[in-house]
Amino acid sequence: MIFRFGTPAETLNSPAPDAINGMMVISAPLRTTLITLLFIFFYYCSANLYSQDLSGNITLHIHNKPISAVLKQITEISKIEFSYNPESLPVEKNISVEIANMPLREALDAILIANGIEYIVVEKHIVLKKKSADEVPEMIPEKTALHRYTLSGFLYDKSTGEALIGANVYVKGATIGAMTNGYGFFSLTLSSGIYPVVFSYLGFKSAEREIILNEDVRISIELEDDHLEISEVEILASEGESDVFARQMSGISFSQKTLGRLPGFGGDLDIIRALQAVPGIQTFGDGSSLYYVRGGNSDQNLMLIDEVPVYNPSHLFGFFSAFSPDAINSVQVYKGDFPAKYGGRLSSVIDIKAKEGNMKRFGCSGNIGPYASNLTIEGPIVKNRSSFILSGRISTLNWLTNLKNFNKSFSFQFFDVNAKLNYSLNNNNHIFLTFYYGLDDFSRYNSVEVNSYGIGWNNLAGTFRWNHIFSNRLFFNTTFNFSRYNYSLNLPQEANGYWKSSIANLTLKTDAAWYLNPKNTIRSGVEVTYHYSDPGNVTLENGNASPDVPVVAEYHSMEYVIYLSNEQQIGKKFSLRYGIRLPVWQDFGPTKVYYFDANHKVIDTIGYVSGEAYSTAFSPEPRVNIQYQLSNVSSVKGSYSRTTQFLQQLSNSTSPFTSLEVWAPCGVNIAPQTADQVAIGYFRELAKRKFSLSVEGYYKWFHNRLDYRDHANLLFNTLIEGELRFGKGWSYGVELMLRKTSGNLTGWIGYTWSRAFVQTPGVNNGDIYPASYDRPHDFCINISWDDKKHWLLTANWIYMTGAAITTPVGFYLQNGYTIPLYGAKNNDRLPDYHRLDLSATYHFNKPGNRYRHSLAVTIYNAYSRLNPFSVSFNKIMNDNGEFVVPSNINGTYQLVPTAMSVAGMIPSINYQFRF
Amino acid sequence: MYRSFSSADELKIAASGKISEFTLPDGTKVTLNNGATLTYPSKFTGGFRKISLNGEAWFEVAHDRAHPFVVNAGKTVIQVLGTSFSVNTKGYRNCREIILAAGKVKVYRDDKPDDPVFLSPGEKASVPADGQPIIKSVNDDENFLAWKTKHIIFSNTSMNEAAALLSKVYDVRIRFSDNRLSGCKITATFDKQSLESVLNVIKVTLDLQVRYAGRNIELSGAGCN
């Protein structure tokens, strides 16, 4: 349910004021809100937290002295006090002790247990008791009211200092554990005691530490890279990359190590391409950066880089992702079961954390290839405290346009630059600064060499983040970010003008995680965002608006969100995550709003002044997840999520090439779209945890689903909202995935069977029709073989049912014209899509060398299947066997359906280096 | 702590409900245990710095050789020669007990000033209430200042003694539900811990149960063999 409120306003005739580079100055009440919030968050200044060193090892050389004297000696060395009944223990027995550099727990075991004494940690003491025959010693006594203390800290990569995200911290032999968050921080609260704690992360050697927990302990652990082998035996018994234990379903996560094995293009990792191989996620086909998740449209996906949304995640029509893969630390994908902190899009969230830069030493890496090259420089500014990373990529495609037989000249170019800075003020405060800019330009020059048609887009984003650790159990992250995406189309006829649409946002938010105890983790946050959208206006070369084209009003909105959720462990087998997200959306002037009647005719026009609110929507989003651990290798999970989308992309073309992109917020004529998703899944680890199997089924209901009337006109249309129709949609499916993440051979096999349907009054006669992205069968197999020395071979094969398209059911002649006759919408299918990618990478030297380099040969679409993305019915075959649009319109002729595809086989050879 | 005027130039300080620290006009630091009262002049005049004490207090006397510091405790007089010491007017069998940590003190009955006892650090003077001679001994009570420092050392200590000491230090009443427990012995050192914390440790060490009823605490258990 959604609550909407309209604000009556007076009709005004004032023109929209000038925009400053497309962004409006923030109105006064807004400024106050933002400043107040800023003030509140910055109130929390750094605190100095008492931290203790880890238990040191002890050395004792004692010859023939009573145990009581030995205990006194231990107290002197380690400052640990003992408590015992001297009459019940043989403390006057003489013993000799020879211990060199042993951990305390082992020393106590050696001295005491051998003499029939067992020990237990209570408060700040070690209580000694006589070893009882029948009692089993418990390290973690539940019955005594012992104090609880918190072990917290960060996990880092030893060689670079990068935070390890999603790493595991657990008590050896117990099921108690925690996972590091998006900044490498974990917090675990336990009863006082001495614990063997294990720290592990896939691709790294596990570390074990003995922790004496008789007060709060803060530690920093560095894990060493596991170059030589990922131990197959030691696979994790807890969360992280194991689906069975993860508190999340409907998702997949990639760490640094697994990212390196994903399919790429041009020797580069491509996020979208990699995700295409994940069940439940489909791209349209070749050359497209659009992707669809569980029956949701392409604008229903949120991609975040360091918490800032990115609106176009690809360069060059989807062949290259928008940021250098060298710069990524981890990727977390959610197809459903969304944690309460995410919202704003209906179907997916891809949360990418970029690397922070090597904290220890200066490093440089690069990738030189035929289509694009990138270079990354990183290093410490203050060793172990502050670092930077600078990453840039540029396309080198101009030689390609001269190769094919284009009779006109084309120019493709793109570049991106990513700069980050981070600084640790102290143990409890870290700040991060990120800046990103990416640009694409695709132009076609005519013979006169004057800039002709062309499209281009650019993404600009920046974030400032501040981590603050309040206490060992309370972690805060405050983010201030902005993002702006411009899409432009060059129009030579318009006196070298251009049509441009843009979308931007400015956000201030804070997220808090409260690790209350091992059974409860509470997450909460507040977010305030200013959204701006220009649905597309024409600007002439001289900077003025075009007089021939109507000015489409810009949109301004504010979004306020608060969320709260708890992750709760109930008993040993059940866990529950429940929460609610409460977003409020408000639209503001200056703008002009058109009101339509039931026949979609304009009946009223109302202008709103700057800062005047005219439409408010509220849409509570409950989120629930419940899990049951069937055994220590299998689990069952179920979830329900409601999501709301206030900002949607208007695009009536299903072409994979992002055509005119227009983003419009909900308002008077557009209700917020919502989706409800239920999912249930079974997860199991097989063959001693070498393989993991997941089977997941989902059902989604879409409400107020955005659709378009037949022949909708979205270009230069001030009454654009009148072209929209709203209905409902639903999708369902089953996803199967078998994955292997360790050993030389890794990869996965996935199969999805899914359907997606739409029903919109006024479209297709109100009948149900399949969505264009309804692709019932989706099969993918991804394998990589790494011999850990020189070779890395990967193969990736994808098969999808063809996209749904509308084809004519017949033709008729009228006045000598052949006219197609259409029936139901999306009545037909494109040919099925399948493609094989292969790559082989040869490392010239072994891991561990300072300078590492390799050569990668990649073949995209190895058997060169020309997968069509579009079918036309307007061509005939001429005498030369070519397909052309008939120029002689008179006369009867046979129209032949012709398909267009993007690319056949695309090879690439890349040289990569790192030092 | 409160101050009152008992005569024109005399001031009185008392610690009620908690331990109180105070600095006298000459710079001497006094820590009064709960229930103690100390009387002193607003300004020290004359050759001596005289104060009166009832109860238990710890003194850190400011150096002034020209003006010896004198404590009048009941009918016992303690003359101080720059030092740190403890005075308890309600000691064992109502003795006045004076324990010296540093410096030197002279203890005598106010009616027998020529019959003093000199104490060296680590020594204790017990002044019986009934007029018997002052007994000088070596202080064997490691915990004499535990009420102030909250540093408690139990070394082969019987639970009877331990309970008594804890009762004094934390101002509670600890009793045993069973006499078997009183004979249990314990070796443990506690430093600035809360009573609950100390009892938690003792509880696990001797397999006791602890029942709290306000300031009354009852210990029960199977006892020790």
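Every chain is numbered on its own, with residues counted from 1 as its sequence reads. For this description, chains carry letters from A and ligands carry numbers from 1, given in the order in which they are written. Owing to the predicted nature of the model, reporting of local features is limited to residues with pLDDT of at least 70; listing and counting of side-chain atom pairs is limited to 80 or more, with chain, interface and lining totals taken over all residues.

Some words on the overall build of chain B
Item 1. Across its full length, chain B carries four helices and 20 strands.
Item 2. Structurally, chain B occupies a C-alpha span of about 60 × 35 × 30 Å along its principal axes.
Item 3. Burial status across chain B gives 34% buried among its 225 residues.
Item 4. We call two residues in contact when the distance between their C-beta atoms, placed using the backbone, is within 7 Å. Partitioning the intrachain contacts of chain B with sequence separation of at least 6 by distance along the chain shows that 37% fall at a separation of at least 24. Helix numbers and strand numbers start at the N terminus; a helix is a DSSP run of H or I with at least 4 residues, a strand a run of E with at least 2. Each residue is classified by how many other C-beta atoms fall within 10 Å of its C-beta atom, where C-beta atoms are placed from the backbone; a count of 20 or more means buried, 12 or fewer means exposed, and values in between mean partly exposed.

Comments concerning the interface of chain B and chain A
Item 1. On the side of chain A, 15 residues touch chain B, which itself brings 15 residues to the contact.
Item 2. Elements represented by at least two residues in the side of chain B that touches chain A include exactly strand E18 (185–191) and helix H4 (195–206) of chain B.
Item 3. A per-element tally of the side of chain B that touches chain A places H4(B) first, with six residues.
Item 4. Residue classes in the side of chain B that touches chain A are distributed as seven nonpolar, seven polar and one charged. The residue classification treats Ala, Val, Leu, Ile, Met, Phe, Trp, Tyr, Cys and Pro as nonpolar and Asp, Glu, Lys and Arg as charged. All others, Gly included, are polar.

With respect to the confidence of the model for chain A
Residues and elements named next belong to chain A.
Item 1. pLDDT gives the predictor's per-residue confidence on a scale running from 0 to 100. Averaged over all residues, the pLDDT of chain A equals 81, while 84% of them reach at least 70.
Item 2. Predicted confidence is poor over residues 1–28, with pLDDT under 50, and the contacts of this stretch with residues over four places away or in other chains come to 46 contacts.
Item 3. With pLDDT under 50 throughout, residues 135–145 is counted as low confidence; its partners more than four residues away or in other chains account for eleven contacts.

Considerations on the sheet that holds strand E7 (residues 148–157) of chain A
All names here are of chain A.
Item 1. With respect to topology, three strands assemble into an open sheet ordered E10-E7-E13, the strand pairing being mixed. Two strands in the sheet have a free side with no partner beyond their single neighbour: strand E10 (185–191) and strand E13 (217–223). Direction aside, the axes of adjacent strands within the sheet are offset by 25° on average.
Item 2. Alignment of E7 against E10, held across seven bridges, turns out to be antiparallel. Note on pairing: two strands pair once DSSP finds at least 2 bridges between them. For helices, the axis comes from a line fit to the C-alpha atoms of the stretch in contact; other axes are also lines fit to C-alpha atoms, and the angle between any two N-to-C directions lies between 0 and 180 degrees.

Description of the domain arrangement of chain A
All names here are of chain A.
Item 1. The domain boundaries here were taken from an automatic or database domain assignment. When the domains of chain A are assigned, the result is domain 1 (3–43 + 351–914), domain 2 (57–130) and domain 3 (148–223).
Item 2. Taking only C-alpha atoms into account, the centre of domain 2 sits 28 Å from that of domain 3.
Item 3. Contacts between the two partners involve seven residues from domain 2, matched on the other side by six residues from domain 3.
Item 4. Looking at the side of domain 2 that touches domain 3, the elements that each hand over two or more residues are helix H3 (104–112) and strand E5 (117–122).
Item 5. Its residues assigned to classes, the side of domain 2 that touches domain 3 comprises four nonpolar, no polar and three charged.

Let's talk about unusual backbone geometry
Residue and element names in this part refer to chain A.
Item 1. The omega torsion of the bond from glycine 589 to proline 590 falls at 10°, within 30 degrees of zero and hence cis.
Item 2. With respect to the helices and strands, the residue proline 590 is situated in the loop between strand E35 (574–588) and strand E36 (591–596).
Item 3. The backbone of asparagine 765 sits at a positive phi, close to 60°, despite the residue not being glycine.
Item 4. Note on placement: asparagine 765 falls in the loop between strand E46 (745–759) and strand E47 (769–770).
Item 5. Located in the positive-phi region is asparagine 861, a residue other than glycine, with phi close to 65°.
Item 6. Tracing the sequence through the fold places asparagine 861 in the loop between strand E55 (852–860) and strand E56 (868–877).

Topic: the sheet that holds strand E20 (residues 216–221) of chain B
All names here are of chain B.
Item 1. Strand order in the open sheet formed by three strands is E17-E20-E19, and the pairing between neighbours is mixed. The outermost strands of the open sheet, each flanked by one partner alone, are strand E17 (173–176) and strand E19 (208–213). Averaged over all pairs of adjacent strands, the angle between their axes in this sheet comes to 20°, without regard to strand direction.
Item 2. Here four bridges tie E17 to E20, and the two strands are oriented parallel to one another. Directly across from arginine 173, in E20, lies its bridge partner asparagine 216.
Item 3. Strands E19 and E20 of the sheet are contacted by H4, whose axis makes an angle of about 150° with E19.

Digging into helix H2 (residues 67–78) of chain A
Item 1. The span one expects for a helix is its residue count, reduced by one, times 1.5 Å. For H2(A), which comprises twelve residues, the first-to-last C-alpha distance of 16 Å matches the rise-based estimate of 16 Å (1.5 Å per residue) to within 8%.
Item 2. Its buried side turned inward, H2(A) meets strand E2 (57–66), strand E3 (81–84), strand E4 (94–103) and H3 of chain A.

Some words on the nonpolar core
Item 1. Connectivity within a nonpolar core runs through C-beta atoms within 7 Å, and the core itself is a set of buried Ala, Val, Leu, Ile, Met, Phe, Trp, Tyr and Cys residues. In terms of nonpolar packing, the biggest core is built from 82 residues, with Val127(A), Leu128(A) and Leu155(A) touching the most fellow members.
Item 2. With seven residues, helix H2 (residues 159–170) of chain B is the single largest residue contributor to this core.
Item 3. Those residues in contact with Val127(A) that lie beyond four places of it in its chain are Ser83(A), Tyr84(A), Tyr119(A), Ile120(A), Val122(A), Val201(B), Val204(B) and Thr205(B).
Item 4. Among the nonpolar cores identified, the runner-up in size contains 74 residues, and Leu302(A), Ile389(A), Trp457(A) and Tyr769(A) belong to it.

Considerations on the environment of Gly762(A)
All names here are of chain A.
Item 1. Locating glycine 762 in the fold gives a position in the loop between E46 and E47.
Item 2. We classify glycine 762 as partly exposed; it has 14 C-beta atoms within 10 Å.
Item 3. Once the C-alpha coordinates of glycine 762 and arginine 725 are considered, the two residues, 37 residues apart in sequence, prove to be 7.2 Å apart.
Item 4. Excluding anything up to four places from it in sequence, glycine 762 contacts Arg709 and Arg725.

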